[in-house]
Amino acid sequence: GLELFRDGWSPAKRTTPLRDYAIVAVFCFLSVFLANASLGYIQYSTRVMVKCLKPLPTMALSRIMLGRERAAYGVWEYVGALVLGLGLATATLDGADFAGGEASPRLVLGASLAGLAILADSFVSTFEQCTIFARETRPP
């Protein structure tokens, strides 16, 4: 906060363009909107179950956007994230959204909206890492 101004920083010396902040804001909005919209079709516990798999798209997007050098995940890290996500998903699954052992169209739509929400959320964290955090430096 204030120490930046004391050290001579000003908004004119901003290192990240406002366009990048606008992109982050749009995808944050999409993430929250889609997550809340999914609750019209699925129960909260199912949304939590889908959200448990967030490390996988985050790792995949960081690998794509940051490149192999900056996001070098090994096979076992992907397996670990998958096992963690599936374990948490299984623990939160209550079966209320599964009628007669099959997924209803409402479940598919709700899970799709929740999946798009975690993709948008994963994009935000990866985009911040490859643009905003890469440029932001403390003033001399």
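Relevant structure appears above.
Residues numbered from 1 in each chain as written. Predicted model: local features only at pLDDT ≥ 70, side-chain atom pairs only at ≥ 80, totals over all residues. Heavy atoms only, no water.

Summing up its helical and strand segments, the protein has six helices and two strands in all. Classification of the 140 residues of the protein by burial places 29% in the buried group. Carbon together with sulfur atoms contributes 68% to the accessible area of the protein, which is approximately 8700 Å² in total. (Helix = DSSP H or I, 4+ residues; strand = E, 2+ residues; numbered from the N terminus. Buried < 20%, exposed > 50% of the residue type's maximum accessible area, 1.4 Å probe, protein only. Areas by Shrake-Rupley, 256 points an atom, 1.4 Å probe, with all protein chains shown as cover.)

Further remarks concern helix α2 (residues 18–38). With 21 residues, α2 ought to run about 30 Å at 1.5 Å a step, and its terminal C-alpha atoms sit 30 Å apart, in line with that. Looking at α2, one finds that the buried residues are D20, V24, S31, L34, A35 and S38. Across the axial projection of α2, the buried residues extend over an arc of 105°, all falling on one side. Residues of α2 that are exposed and angled more than 90 degrees away from the buried face: L18, R19, F29 and V32. (Expected span 1.5 Å × (residues − 1). Arc of directions from axis to C-beta.)

Let us now look at the pattern of salt bridges. Enumeration according to the criterion identifies three salt bridges in this entry. Put simply, K51 and D121 hold a salt bridge, and the shortest N to O gap is 3.2 Å. Of this pair, K51 sits in helix α3 (residues 44–51) while D121 sits in helix α6 (residues 105–135), and the two are 70 residues apart along the sequence. Ionic pairing is found between D121 and K54, a salt bridge with its closest N-O pair at 3.2 Å. Note that D121 is positioned in helix α6 and K54 in the loop between α3 and α4 (55–70), a separation of 67 residues in sequence. Within the structure, one salt-bridge network assembled from shared partners comprises K51, K54 and D121. (Salt bridge = Lys/Arg side-chain N within 4 Å of Asp/Glu carboxyl O.)

Together, V26, F29, L30 and F33 make up an exposed nonpolar region whose accessible area comes to about 380 Å². Of note, F29 is situated in helix α2. Classification of F29 by relative accessible area gives exposed; the value is 54%. (Patch = residues over 30% accessible without salt bridge, like charges linked within 9 Å, V, L, I, M, F, W, Y side chains within 5 Å.)

All right, on to the environment of S104 then. Topologically, S104 is positioned in the loop between β2 (102–103) and α6. With 63 residues separating them in the primary sequence, S104 and Y41 have C-alpha atoms 9.9 Å apart.

For the rest of this paragraph, the subject is the packing of aromatic side chains. This structure, assessed with the given rule, holds four aromatic pairs. Centre to centre, the rings of F29 and F33 are 5.8 Å apart; their planes meet at 20°, and the pair counts as stacked. Here the residue F29 and the residue F33 both occupy positions in helix α2, the gap between them amounting to four residues, near one helical turn. Residue classification places F33 among the partly exposed positions, given a relative accessible area of 46%. Between Y73 and Y78, the aromatic rings sit 5.9 Å apart at their centres with planes inclined by 75°, giving edge-to-face as the arrangement. According to the relative accessible area criterion, Y73 is partly exposed, its value standing at 30%. (Phe/Tyr/Trp six-rings, centres within 6.5 Å; stacked < 30°, edge-to-face > 60°.)

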